[in-house]
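Here are the chains, one letter per residue:
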Amino acid sequence: MANTEPTPRVGAIDAWMTIPPPGSADRWPSSFWHIFRKYGVEDRFQRGFTVDEVLAEMDDAGVDIGVASSFKFLDSWVVSNDENAAYVREAPDRFIGAFTVDIRDPMPGMREFRRCVEELGYKAFRLEPFQCGDGRTTAPPPTDRIYWPFYVACCEYDIPLCIQVGHTGPLLPSECGRPIYLDEVALTFPELKILGTHVGDPWQDEMLILAWKHPNVYVEASARPARHWTESVRKFSGGYGQDKMIWATDYPLLPFKRTVDDVYDCGFSPEATRKILRDNAAKVFKIDV
């Protein structure tokens, strides 16, 4: 699996990022600042970023395209669907959009889902199950019927589902993020392209085996730099699962350049590195590269 020759650089695609604008620090729920401090990036979230600043960081890191995501927690928008769509319109050759909706109230949630795809041109759906809870008790897992109309809609529109799995960074219950819940979802919706984010940490092996088992399931690495991947994740990414690993940052939680470099430092083959950083995401998000 190790590669002894220098690996050619490729224009990367970041599958999970957010652009919190300047002056938006007060939009973040209090439970999130805990993890920002642990990552040592509290100042970045306090400051926020313009689109031009984000593009400059992408250029410096060799990141060609980012999947820019809306973000909402309970009743608070950090980056609204309309605000995020405006970012994508500013640089349509550099960003594609991932939207989110409040699925706890399914009728307005579905109306917003359709508006985002049909009117705002979104290409992916972002879903974080812990947002469906009350902040104290475990939210319904992804097998719950509350999610199913939105899975159907993703299939109808042929857009991927980017779903948070693994523990929650914020001080919120994590059980709903067990990757194994996606087993039933993948079986019931074989047309649904599912990206399980954050490599499912600390249940990485559950996430890896699901991606190996199901043609429609992928492992996505946002918030988990390759320097900290376990041996099983590295073996998967550089070997038998190289067609199923998708790189991402969770920017601004992780910087583009260091997180890209971490993948090159793993010593994977040029083919595996290209798949992880670019080709697999291009396939799932239908990006013409």
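All of these numbers come straight from a predicted model, not from anything done at the bench.

Caption draft 1: Quick peek at the side chain of Ser-70. Counting through the fold element by element, Ser-70 comes out in the loop between strand E2 (63–69) and strand E3 (71–73). On the basis of relative accessible area, Ser-70 is assigned to the buried category, the value being 0%. Here Asn-81 takes part through its side chain, which lies 2.7 Å from a polar atom of the side chain of Ser-70. Separated by 3.4 Å, the side chains of Ser-70 and Tyr-122 make a polar contact.

Caption draft 2: Inspection of the sheet that holds E2 at higher detail. Strand order in the open sheet made by the eight strands is E1-E2-E5-E6-E7-E8-E9-E10, with parallel pairing throughout. The sheet terminates laterally at strand E1 (12–17) and strand E10 (245–246), the two strands that pair on one side only. Alignment of strand E6 (residues 124–127) against strand E7 (residues 161–163), held across three bridges, turns out to be parallel. Looking across to E7, one finds that Arg-126 is bridged to Cys-162.

Caption draft 3: Here's a closer look at the pairing of E6. Here E6 shows two buried faces, one formed by Ala-124 and Arg-126 and the other by Phe-125 and Leu-127. Relative to E6, strand E5 (residues 95–99) is paired through two bridges, and the arrangement is parallel. Directly across from Phe-99, in E6, lies its bridge partner Phe-125. Of the crossover connections in this fold, the one passing from E5 over helix H5 (residues 106–118) to the parallel E6 is right-handed. Since E6 and E7 lie parallel, the crossover through helix H6 (residues 148–157) that links them has a hand, and here it is right-handed.

Caption draft 4: The pattern of salt bridges, seen in detail. One pass over the full model with this rule turns up 24 salt bridges. With a closest N to O distance of 2.2 Å, Glu-206 and Arg-178 form a salt bridge. Here the residue Glu-206 occupies a position in helix H8 (residues 204–213), and Arg-178 occupies one in the loop between E7 and helix H7 (181–188), the gap between them amounting to 28 residues. Arg-227 is paired through a salt bridge with Asp-262; the nearest N and O atoms lie 3.0 Å apart. Residue Arg-227 is located in the loop between strand E9 (217–220) and helix H9 (231–238), and its partner Asp-262 is located in helix H10 (residues 256–265); the two are separated by 35 residues in the primary sequence. Residue classification places Arg-227 among the partly exposed residues on the basis of a relative accessible area of 42%. Through salt bridges with shared partners, one network takes in Lys-72, Asp-75, Asp-102 and Arg-104.

Caption draft 5: Spotlight on the nonpolar core. Ranked by size, the top nonpolar core spans 85 residues in total, and within it Phe-95, Phe-113 and Phe-125 carry the most contacts. If we ignore the near neighbours within four places in the chain, the residues touching Phe-95 are Met-17, Ile-19, Val-51, Val-54, Leu-55, Met-58, Gly-66, Ala-68, Tyr-87 and Val-88. The next biggest cluster of nonpolar side chains, apart from the first, holds 18 residues, and it includes Ala-15, Ile-96, Ile-246 and Val-284.

Rules used throughout
Residue indices follow the written sequence of each chain, beginning from 1 at its first position. The model is predicted, so local features are restricted to residues of pLDDT at least 70 and side-chain atom pairs to those at 80 or more, both for listing and for counting; the totals for chains, interfaces and linings are taken over all residues. With hydrogens and water excluded, all non-hydrogen atoms of the structure serve as input to the side-chain values. Helix and strand labels come from DSSP, where a helix needs a run of H or I of at least four residues and a strand needs a run of E of at least two; each type is numbered from the N terminus. Exposure classes here rest on a 1.4 Å probe applied to the protein chains alone. A residue is buried below 20% of its type maximum, exposed above 50%, and partly exposed in between. In protein, a polar contact means a hydrogen-donor-capable atom and an acceptor-capable atom, both N or O and within 3.5 Å, with residues adjacent in sequence counting only if both atoms are side-chain atoms; elsewhere, any N or O pair within 3.5 Å suffices. In this scheme, strands are said to pair when DSSP sees at least two bridges between them. Consider the strands pointing away from the viewer: the crossover is right-handed when the path from the first strand over the helix to the second runs clockwise. Here a salt bridge means any side-chain nitrogen of Lys or Arg lying within 4 Å of a carboxyl oxygen belonging to Asp or Glu. For this analysis, a nonpolar core means a set of buried residues of the types Ala, Val, Leu, Ile, Met, Phe, Trp, Tyr and Cys, connected via side-chain atoms within 4.5 Å. For this analysis, residues touch if any pair of their heavy atoms sits within 4.5 Å.

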